[in-house]
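Chain by chain, the residues run as shown.
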Amino acid sequence: MSKMSAMNRKVIQTLAETISKQVEHFNKTEAECLIREFNLLLGEPTNTGRTVQGLDRARFRSILHHTFDLTDDIIMDGAFRAFDKDNDGIVSLKEWIEGLSVLLRGTLNEKIKYCFHVYDLNGDGFITREEMFRLLKNSLVRQPTEEDPDEGVKDLVEITLKKMDHDHDGKLSFDDFEKAVREENLLLEAFGTCLPDSTVITN
Amino acid sequence: MGLSLTKAAQWTTASSGTGKLEFTPMNESLLKEILCFVEQFSSQHPQEAEHVFEEPLQWRTTLVASDFKTEYDISEGLPLLQFSPPAVYVRSFSQLSKLVHLADDKKLEEVRTCLEENRDPVVKILGRSFATALEREDTQTDILSLVDKVKDPAKDSETKVKLCLLLQNMDKQILSKLLEEISEKVSLNPTAVKNEVELLKQLCSEGEKRVLKSLRYTSDFEFSNGCRTPLWRQPHGEICYLVIEPCDTETLYITYSTAGVFLNEGIKQEGEESGYERTSDVYTDLVTLLKKIACCYIPSLCLIMYFLSYTYSVYIVICWVLSALFLFSKTSAGAVPVELESSTDSEEEEEQPARHPEGNTDLPPEYWQIQKLVKYLKASDQKATVLTLYAMMDLNLMQETCQLAIRDLGGLEILLNLLDTKEVRCKIGSLKILRKISHNMQISRTIVDMRGLQRMVTTLDSPNKDLKALSAETIANVARFHRARKIVRNLDGIKKLVKLLDCGTPNLAQVSANQEKDVEVARCGVLALWSCSKSCKNKEAIRKAGGIPLLGRLLKSPHANMLIPVVGTLQECSSEESYRVTIQTEGMIKDLVKNLRSDNDELQMHCASAIFKCAEEKETRDLVRKYKGLQQLVSLLGKADNKQLLAAATGAIWKCSISTDNVAEYKHNALQTLVGLLTDQPEEVLVNVAGALGEFAQIPANKPTIGKCGGIKPLVNLLIGTNQALLVNVTKALGACATDKDNMTIIQQLDGVRLVWSLLKKPSPDVQSSAAWALCPCIENAKDSGEMVRSLVGGLELILNLLKSTNNEVLASICAAIAKIARDEENLAVLTDHGVIPLLTKLTNTTDDRLRHHLAEAIYYCCMWGNNRESFGEAQAVAPLVRFLKSKDTAVHLSTAKALYQLSWVPNNVITMYERGVVKVSCSVVVAAFLSPH
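Residues numbered from 1 in each chain as written. Chains lettered and ligands numbered in written order. Predicted model: local features only at pLDDT ≥ 70, side-chain atom pairs only at ≥ 80, totals over all residues. Heavy atoms only, no water.

An unreviewed UniProt entry lists chain B under the name Outer dynein arm docking complex subunit 2, with Amphiprion percula as the source organism.

Looking at an unreviewed UniProt entry, one finds chain A named Calaxin and attributed to Amphiprion percula.

What to know about the overall build of chain B
Condition: By definition, any uninterrupted DSSP run of H or I lasting at least four residues is a helix, any uninterrupted run of E lasting at least two residues is a strand, and each is numbered from the N terminus. Summary of the burial criterion: residues with accessible area below 20% of their type's maximum are buried, those above 50% are exposed, and those between are partly exposed, where the area comes from a 1.4 Å probe applied to protein chains only. Between two residues, a contact is recorded if the distance between any of their heavy atoms is within 4.5 Å. The protein chains shown are the only cover counted for residues, whose accessible areas, like all others here, come from Shrake-Rupley with a 1.4 Å probe.
Summing up its helical and strand segments, chain B has 54 helices and seven strands in all. Looking at the 934 residues of chain B, the share that counts as buried comes to 53%. Contacts in chain B between residues at least 24 apart in sequence constitute 68% of all its contacts with a sequence separation of at least 6. If you sum the accessible surface of chain B, you get close to 43,400 Å²; carbon and sulfur atoms cover 52% of it.

Description of the confidence of the model for chain B
Residue and element names in this part refer to chain B. What counts is decided by this rule: For every residue, the pLDDT score states the predictor's confidence, bounded by 0 at the bottom and 100 at the top.
With 80% of its residues at a pLDDT of at least 70, chain B reaches an overall mean of 79. Of the regions scoring below 50 in pLDDT, residues 295–360 engages in 72 contacts with residues more than four places distant in sequence or in other chains. For this predicted complex, the interface confidence comes out at an ipTM of 0.88, alongside a pTM of 0.63.

Quick notes on the nonpolar core
Rules: Within this scheme, the nonpolar core is defined by two criteria: the residues are buried Ala, Val, Leu, Ile, Met, Phe, Trp, Tyr or Cys, and they are joined through side-chain atoms within 4.5 Å.
Ranked by internal contacts, the top residues of the largest apolar core, which has 269 residues, are A:Tyr114, A:Phe191 and B:Trp757. The contact partners of A:Tyr114, leaving out residues within four places of it in the chain, are A:Ala79, A:Ala82, A:Phe83, A:Val102, A:Leu103, A:Cys194 and A:Leu195. Counting 33 residues, the second-largest nonpolar core is a separate cluster that includes B:Leu31, B:Phe93, B:Leu126 and B:Leu163.

Observations regarding the interface of chain A and chain B
For clarity, the cut-off: Once two parts are brought into contact, the accessible area they lose, counted with a 1.4 Å probe and summed over both, makes up the buried area. What counts as a salt bridge is simple: a side-chain nitrogen of Lys or Arg found within 4 Å of a carboxyl oxygen of Asp or Glu. Whenever two N or O atoms come within 3.5 Å, that pair is a polar contact, provided that in protein one can donate a hydrogen and the other can accept it, and provided that, for residues adjacent in sequence, both atoms are side-chain atoms. Residues are grouped as follows: Ala, Val, Leu, Ile, Met, Phe, Trp, Tyr, Cys and Pro are nonpolar; Asp, Glu, Lys and Arg are charged; every other residue, Gly included, is polar.
Every contact between the two is made by 23 residues of chain A and, on the other side, 22 residues of chain B. Summing both partners gives a buried area of about 2,000 Å² for chain A against chain B, and 60% of it is carried by carbon and sulfur. A salt bridge links B:Lys432 to A:Glu184; its shortest N-O distance comes to 2.7 Å. Taken together, chain A and chain B are joined by 10 residue pairs in polar contact (both at pLDDT 80 or more). It is helix 8 (residues 151–164) of chain A that provides the largest number of residues to the side of chain A that touches chain B, a total of seven residues. Residue composition of the side of chain A that touches chain B, by class: 11 nonpolar, six polar and six charged.

Here's the deal with the sheet that holds strand 2 (residues 81–84) of chain B
Residue and element names in this part refer to chain B. Using the following cut-off: At least two bridges found by DSSP between two strands is the condition for calling them paired. Under this scheme, a helix contributes an axis fitted over its contacting stretch, all axes are lines through C-alpha atoms, and angles between N-to-C directions fall in the 0 to 180 degree range.
Read across the open sheet, the three strands follow the order 1-3-2; overall the sheet is antiparallel. Only two strands of the sheet have a single partner each, and these edge strands are strand 1 (52–60) and strand 2. In this sheet, neighbouring strand axes are inclined to one another by 10° on average, regardless of whether the strands run parallel or antiparallel. Two strands pair when backbone bridges link them, and strand 2 and strand 3 (residues 87–92) are joined in this way by four bridges, in the antiparallel orientation. Among the inter-strand pairings, Gln 82 is bridged to a residue of strand 3, identified as Tyr 89. Of the strands in this sheet, strand 1, strand 2 and strand 3 touch helix 4 (residues 93–103), which is tilted by about 135° from strand 3.

What to know about the UniProt feature "domain: EF-hand" (unreviewed entry) in chain A
Residues and elements named next belong to chain A. Operational definition: UniProt positions are given in the numbering used here, feature names are shortened, and annotations may be inferred rather than shown by experiment.
Sites flagged by UniProt as "domain: EF-hand" (unreviewed entry) map to residues 71–106, 107–142 and 152–187. Annotated as residues 107–142, this span is 56% helix and 6% strand, and its ends, taken at the C-alpha atoms, are 37 Å apart. In the segment residues 152–187, helix accounts for 64% and strand for 6%; the C-alpha atoms at its two ends are 19 Å apart.

Observations concerning helix 28 (residues 560–573) of chain B
Residue and element names in this part refer to chain B. For the record, the criterion: Each residue after the first adds 1.5 Å to the expected span of a helix.
The end-to-end C-alpha distance of helix 28, which contains 14 residues, comes to 19 Å, matching closely the 20 Å that a straight helix rising 1.5 Å per residue would cover. Of all 14 residues in helix 28, 12 are buried, a share of seventy percent or more. Listed as buried for helix 28 are Met 562, Leu 563, Ile 564, Pro 565, Val 566, Val 567, Gly 568, Thr 569, Leu 570, Gln 571, Glu 572 and Cys 573. On its buried face, helix 28 sits against helix 25 (513–532), helix 26 (536–544), helix 27 (547–554), helix 29 (577–585), helix 30 (588–595) and helix 31 (601–614).

A look at helix 9 (residues 174–183) of chain A
All names here are of chain A. How we decide: In this description, one arc is meant: the one made by directions from the helix axis to the C-beta atoms.
All buried positions along helix 9 are accounted for by Asp 176, Phe 177, Ala 180 and Val 181. When helix 9 is viewed along its axis, its buried side chains cluster within an angular range of 120° and face the same direction. Opposite its buried face, helix 9 presents the exposed residues Asp 175 and Glu 183, each directed more than 90 degrees away.

Considerations on the sheet that holds strand 5 (residues 238–246) of chain B
Residues and elements named next belong to chain B. Ordered by their spatial adjacency, four strands build an open sheet running 4-5-6-7, and the pairing between neighbours is antiparallel. Every other strand in the sheet has two partners, leaving strand 4 (212–217) and strand 7 (260–263) as the edge strands with one partner each. Direction aside, the axes of adjacent strands within the sheet are offset by 25° on average. The pairing of strand 5 with strand 6 (residues 252–257) spans six bridges and is classified as antiparallel.

Concerning the packing of aromatic side chains
Residues and elements named next belong to chain A. Test applied: What counts as a ring pair is set by centres within 6.5 Å for rings of Phe, Tyr and Trp (its six-membered ring), and what kind of pair is set by the plane angle: stacked under 30 degrees, edge-to-face over 60, tilted for all other angles.
Enumeration according to the criterion identifies 15 aromatic pairs over all chains in this entry. An angle of 85° between the planes, with centres 6.2 Å apart, marks the rings of Phe 60 and Trp 96 as edge-to-face. With a gap of 36 residues between them, Phe 60 in helix 3 (residues 57–68) and Trp 96 in helix 5 (residues 93–105) connect regions that are remote in the sequence. Look at Phe 60 and you get buried, because its relative accessible area is 0%.

Concerning the pattern of salt bridges
All names here are of chain B. Taken as a whole, this structure holds 41 salt bridges over all chains when the rule is applied. Among the salt bridges present, the one from Arg 754 reaches Asp 751, with a minimum N-O distance of 3.0 Å. Taking the relative accessible area as the measure of exposure, Arg 754 reaches 39% and is therefore partly exposed. The exposure class assigned to Asp 751 is partly exposed, which follows from its relative accessible area of 37%. Residue Arg 790 is joined to Glu 787 by a salt bridge in which the shortest nitrogen-to-oxygen separation is 3.3 Å.

Side note on a positive patch on the surface
Residue and element names in this part refer to chain B. The condition that has to hold: Note on patches: the residues involved have over 30% relative accessible area and no salt bridge, like charges join within 9 Å, and the nonpolar side chains Val, Leu, Ile, Met, Phe, Trp and Tyr join within 5 Å. Counting rule applied: Lys, Arg positive; Asp, Glu negative; His and chain ends not counted. Every charge is mapped to an atom, namely NZ of Lys, CZ of Arg, CG of Asp or CD of Glu.
On the surface, a cluster of positive charge is made up of Arg 883, Lys 886, Arg 916 and Lys 920. Relative to the assigned elements, Arg 916 resides in the loop between helix 53 (907–915) and helix 54 (918–931). The class for Arg 916 is exposed, based on a relative accessible area of 51%.

Brief notes about unusual backbone geometry
A negative phi angle is the norm for most residues apart from glycine, just as the trans form is the norm for most peptide bonds. A positive phi is found at A:Asn87, a non-glycine position, where the angle reads about 60°. Note that A:Asn87 resides in the loop between helix 4 (73–83) and strand 2 (90–92). The backbone phi angle of B:Gln876 is positive, close to 60°, even though this residue is not glycine. The exposure class assigned to B:Gln876 is exposed, which follows from its relative accessible area of 62%.

So, in C-alpha cells, the structure goes:
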C-alpha cells in the first residue's frame, strides 16, 4: 500500500509539474493539491481499466452545487459544457484544473469567454433571443393578472438585446458580449450566476 | 367722500339729517380710513385735488384762527377755504387735506364733524346731477354718456369723472375692509348680528337676483340687550334664531350665538321647548355658514351682497375699465406698450412658481419606460434586477424629470432596499443609479428621509472596492445639507470615510493596475469628506479620525481629479485653527503652493483659498514665501474672468501680506495689478484687494506708489458701500495711505474725510473703530485740518457720542481721534462745550491697556484749553489716572505721565496725586524703565 502511495505521490508530482506549466494561475504546489483534491472527489475509481478518468455530469454538478453554491440547472449544464472542452461527456483532470483556474483566478477576458460559453446553450457561437429567454425565464415573478405572464421577461430580453447587440444582427456574438461586458462589468454574469462569489473563493 | 357712510356707518338715528356718528370701533376705523385717504389725496392726485367742489363742505370746527399758520392763506380770490368761526367752508381736496394736517391731533375729530354735518358729501363735491346719474340703478351708462348727462359741459368734467372714480375706489376699499371686520366681530355682539341680518335681508328683496327667498327672526320681540332668544337660552350665549329659505335648498334653521353661527334642530317660532341642539359645525358668521351649507350658489354671495348695498357699485367695474381706456388713449402711443410690457413681466414672475408643478406633470417621454422598469424591479430576481438596473442606466439620469419620476414611481425606495440585500451586483447597480440621481437636491432629501444614508454608510464596510467607492460617491452627493451631514457623523461615517483614504500606496505618481481601484476608493472617500466638511463638528470628527495626515499623503497625487477634492476639503477645514497648524506642520503648504501652478483653474482656486485661510498663521506666511508662492499668487490675478479664483487669490495675497517680509518680496507690478482690481469686481474680491492694499501700505515706500497708481480714488469711492468687511478694509487702507502728504491731498479733494467720518454712524463697532483709526492720520496730515474738522457739521457730536460705546476698540480709536482733534484749539473749545471732560473721565476706570494709552493721550491734549485741567480734577479723573501707572504697558506709562504732567499745573490735582502715592509709583516706573533693556 505504501509502495502504491509512494508511486502515486511521484506520479502526482510529475503531473502537477506538467499541469502547472500548461495552466495559468496555479503554481506547482497548488496544482498538486488540486490533483489530490480531484482524486478525492473522484472517489473509488469504479473501473480502473479506463485510461481516461474524470467527472461525469452528475458528479460535476453536485460539486458545483456544494462548493460554489451554483444552483441553476441550465447554468450548471452550461458550466459542464464549458469545462468539458473535448466534449466527451467527462471532465478530465486537466479540464477540471483549467476550468478552476478561470473560475478562481481568471482574468476578465477568460471569464468573459467562460460566461459566454455557458450562456451559449447550443454552442453555435451566439446567444440568441430564445437562449436568453430560457436563461431568464423564471426571473420575474409572474403576475397572474396579465395576459401573457412571460411578457415582462420577453420585454426585458428585448431591452437587453437591444443594448448589447452592437452589430444589430438580432443576436449576441462573442464580440457583442465582450464589448458590453467591458463597458459595464455587471453584465459579466448577466444571464445567471456562473462564477463563484468572491467571498466563497476566499474560503 | 365716504359713500360707505350711508350704509356701513353706524348712525345714532337711522334717518339722514344731523345724526351723530356712534363711537363704535367700526366707525372709528371708518373714520381713520377716510382720514388717511384725505391726507394722501393732494400728494397722490394733485390735479384732482385742485378741483373745486360744487358746494362747499361746511362744518363747525374746533380750530381757531391762530391754528392757521401765517403762510396759510385764509381768504383767497375764490374762497376755497373760508373761515368764520366756528364754521369752516372748504371747496377743494387740497384745502381739505391741508386743513386736516393743521388740525394735527384733532384731525379725527374734524373729519367726524365734517361727515356728521355733511351727510351727502358726494353731492356737494360733484354736484347733484353727477351724483344722481351715478346712483341710478340698472342703467347701462358708460362713462362718456355719464359725462353727457352731466349738464355742466365745463372743461373740468374730465377731472370730475376721475375724482368720482377715485372716490368710488376709496369707497370700495373701505367697504371691503369693513366687511372683513364685520365678519371677524360678528360672533360677539347682537348689533353685529343685526347688521348682518339687515344686509342679508336685502338679498331677499331683489327680484331675479335674489339668492334667498326669505329670512326672518323667530321672534319679533327684542330684549334691551339686543337678544331675541328666550331668557333661559341667553346664558348659553344665544342671540337670536333665524329661519332662512334659500332659493334652491330646503329651509335652514339657524342659531346665532356669541360663539358663532350654527344650524339647530328646527326652531320655527317663539317659545319652542326643544330643538335647540346644534346640528352643524359652528361658523364665524352667517355668510360663511350659508356658503358652506348651501354651497352651490353662495360663493358669489359676498359679491352680490356688496352690489346690493351699493346701488352704483356696478359702475365701479365699468368705470374702471373705461377710465383705463380713456386715460390710455390720452397718453402718448409709446407709453402704452411700456405699460403692457411691465405688466406682462410681473405676470410671468408670478406665474413662474405656479408653472413649476405643471412642468412636473408634463410627463417626460421616459416616464412610461421608468414605470415599466420599476415594475420589473419589484418583481425580479437577482439576474433580472441587474438587467433592469442596466436598462435604467441608459436613461438620462441627470435630467430632473427622470430623477423625480424614479422617486415618484417608487423606484428610489427599491434602489435603497437593494442596498440591504447580499447581492453585490445588485448593490453596485443600484448605487450606480443613485450616485447620479442624487445630484438632485430633492432626491437627496428623500434618500435621507428613507434612511438611505444608514445603508450607504454600512456599505462602506464592504470588502468590495467598487461598492465602497460608489457608496462614498453617493454620500458625497447626498451630504450637501446640514441634516444629512449630521446623520453621517452620528453613524460613525466620518471614521469609515477617513479609513477609505488609506490606499496604502506611498507613491501616487506610479500606481499599478491593482492599486488603481484603491486610489479610486480613496478619491471617492475624499469627495464624501469634502461634502461633510462643511459642518464644523465634522471637521473635528475628520481630525479626530486622523484624516489630516492621510489627506496630506493624497496631496502628493499628480491627478487633478484627486487633488481638487483633497484641497477642497483642506481649505474647507482651514477655518479651524487646529487644521491650519497641522497643515503647516505636516508640510502641506509646499504642495499647496506647488499646485498653484496647476493648469486647472478649480484646483488653483482651492489652493489659493486654502492658503488664504491658512495664512492667518505667521509661519505659514513665511513658508509661502519660502516656496515662492507669492509671485505665483500675483500671476493668478491675470485670470480676471474667473471671479472665484480671483477672490481666492486676492484673499491669499491679502493674508500673506500681513507679514511685512512678504510685502517686500512682491514686485512693483503686484501693487499696480491690485489697484486695477479695485473697480468693477464682486465684493468678495474688493474686500480682499482693499485688505491687501491696507497691508501693503504699512511699508512707507508703497504709500506713494498706491497714490501714483491711482488707487486713492477707487478706495474713496468704495466708502459708500454697505459691506462691513469691505468698509473696514477700505478705511484701513485709506488710513494707512493718509500718512503720505500727496495721498492726503487727493483724499481731501475727493471729500474722503467726510465719507470716512460718516462711517462713524454705522452700527457695526468694527466699522466705527476702523473709521476712527483712519481719521487719526487724516486729521493729522490734512491741510487746514482744524478748519476741515469744523466744516463737518455735527461731526464732533458724532465723535463724542461714540464715547458712550461699550466696545473697547471703538473707545480706544475714538480717544485717539479726539487726541488729534484737540490739537486745534478752536475744536478743543467745541469739544469742551459738548462735555468731553466728563465723558473721558467716565472711561478712566477701564483696565484695557490699549484704551488706557489712548485715553491718557486724549486727556493730555484736552487739558490745553481754558480751565480744563481744573475740570478734570473736579470730575475726579486724577486718581484713576495715577492707577494707570501700575499697568505693565510702557506706552500707557508714557501717555499717562504726559497727562499727569498737564494736570499737575493745578495745585489741587497735585494734592490728589500726592495722596494717591504718585511719587512712589512714578519712581517704580522710572526704575523699571531704566532696568528694562529698551
